[in-house]
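Spelled out from the first residue to the last, the chains are:
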Amino acid sequence: PKCAMREVMLDSGAFTAWTKGEKELSVDELSRVYEDTIRKMSKSVKEIWLINLDVIPGGPGRVPPPAEIQKCLDDSDVNYKILRKKFGDRVLPVYHQTEGVARLKQIARMADYIGLGFRQDFSEADRIRYAEEALAVLAPLGKRTHGLATTGYKMLSRTCFDSVDSATWLYVAAMGGIMF
């Protein structure tokens, strides 16, 4: 009851499963997890956001063929529709940096709050460039953005996301530093 958090975002875990080569949750399993977590959440939390169960093509060290990429995009869109029907506007569709501007605009038509994912195997300079390009498309449309795995001090200081999930601040603090 005395929880200070007023806004929370729950992630599907798709990226973590992908990096470990594990099978991700099904959309039905994820729905149950989201429902259970929301039910247990403190009533002081006013906004609860949910990341779509995006299906990520390829695998660590494996570049997917175009047909696999398209199938993953289609599956991600189906998952989004299912979750959105159940949870409403609190579900964020996810755009990945290598999906192209046409896909970014398609995602922008889906929601007002969008997750943007960046490849951790790209250099930070490339991730920043992709972030700046995506934000330049979305800002005039009035879209809110959440940076997924938006790590690196330069990324955090040079881009203007509405929210991010990044462990960079934690690692810096663990080493006795402060980001400012």
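Above: the structure in question.
Each value, and the rule that gives it
Residues numbered from 1 in each chain as written. Predicted model: local features only at pLDDT ≥ 70, side-chain atom pairs only at ≥ 80, totals over all residues. Heavy atoms only, no water. Phe/Tyr/Trp six-rings, centres within 6.5 Å; stacked < 30°, edge-to-face > 60°. Buried < 20%, exposed > 50% of the residue type's maximum accessible area, 1.4 Å probe, protein only. Lys NZ or Arg CZ within 6 Å of the ring centre and 35° of its normal. Helix = DSSP H or I, 4+ residues; strand = E, 2+ residues; numbered from the N terminus. Contact = heavy atoms within 4.5 Å. Core = buried A, V, L, I, M, F, W, Y, C linked by side-chain atoms within 4.5 Å. Pairing = 2+ DSSP bridges. Axes fitted to C-alpha atoms, helices over the stretch in contact; angles between N-to-C directions.

S.K.: So, the packing of aromatic side chains: which residues are in play, and what are the values?
M.R.: Across all of its chains, the model carries 4 aromatic pairs by this definition. Considering the side-chain rings of Phe122 and Tyr130, the 6.2 Å spacing of their centres and the 50° angle between planes classify their relative orientation as tilted. Look at Phe122 and you get partly exposed, because its relative accessible area is 24%. Residue Tyr130 is classed as partly exposed on the basis of its relative accessible area of 24%. Lying over the aromatic face of Tyr130, Arg129 brings its terminal NZ or CZ to 5.0 Å of the ring centre. Directly above the ring of Tyr113 sits Arg144, whose terminal nitrogen or CZ lies 4.1 Å from the centroid.

S.K.: An account of the side chain of Gln97 is needed here, citing residue identities and associated values.
M.R.: Mapped onto the elements of the fold, Gln97 is located in the loop between β4 (94–96) and α4 (101–110). The residues contacting Gln97, other than those within four sequence positions of it, are Gly117, Phe118, Arg119, Phe122, Arg127 and Tyr130.

S.K.: Describe the nonpolar core, with residues and values.
M.R.: Counting 38 residues, the largest nonpolar core has Leu10, Tyr34, Leu50, Leu83, Leu116 and Phe161 as the members making the most contacts within it. Take this core: its biggest share by element is 5 residues, from helix α5 (residues 124–138). Ignoring anything within four residues of it in the chain, the contact list for Phe161 reads Leu116, Phe118, Ala131, Leu135, Thr145, His146, Gly147, Thr150 and Met155.

S.K.: Pulling in residues and values, what's your account of the environment of Val101?
M.R.: Considering the arrangement of structural elements, one finds Val101 in helix α4. For Val101, a relative accessible area of 47% puts it in the partly exposed group.

S.K.: Explain the pairing of strand β1 (residues 7–10) to me, and be specific about the residues and the numbers.
M.R.: Of the two faces of β1, the one holding Val8 and Leu10 is buried and the one holding Glu7 and Met9 is not buried anywhere. In terms of strand pairing, β1 meets strand β2 (residues 47–51) through 4 bridges, oriented parallel. Each residue of the ladder has a partner; that of Val8, found in β2, is Ile48.

S.K.: An account of the sheet that holds β2 is requested, with residue identities and associated values reported.
M.R.: Overall, parallel pairing links the 3 strands, which are arranged β1-β2-β3 in an open sheet. Looking along the sheet, the strands with just one partner apiece sit at the ends: β1 and β3 (91–92). Pairing of β2 with β3 involves 2 bridges; the strand directions are parallel. Among the inter-strand pairings, Leu50 is bridged to a residue of β3, identified as Val91. In the packing of helix α2 (residues 27–40) onto the sheet, the strands contacted are β1 and β2, and the crossing angle to β2 comes to about 165°.

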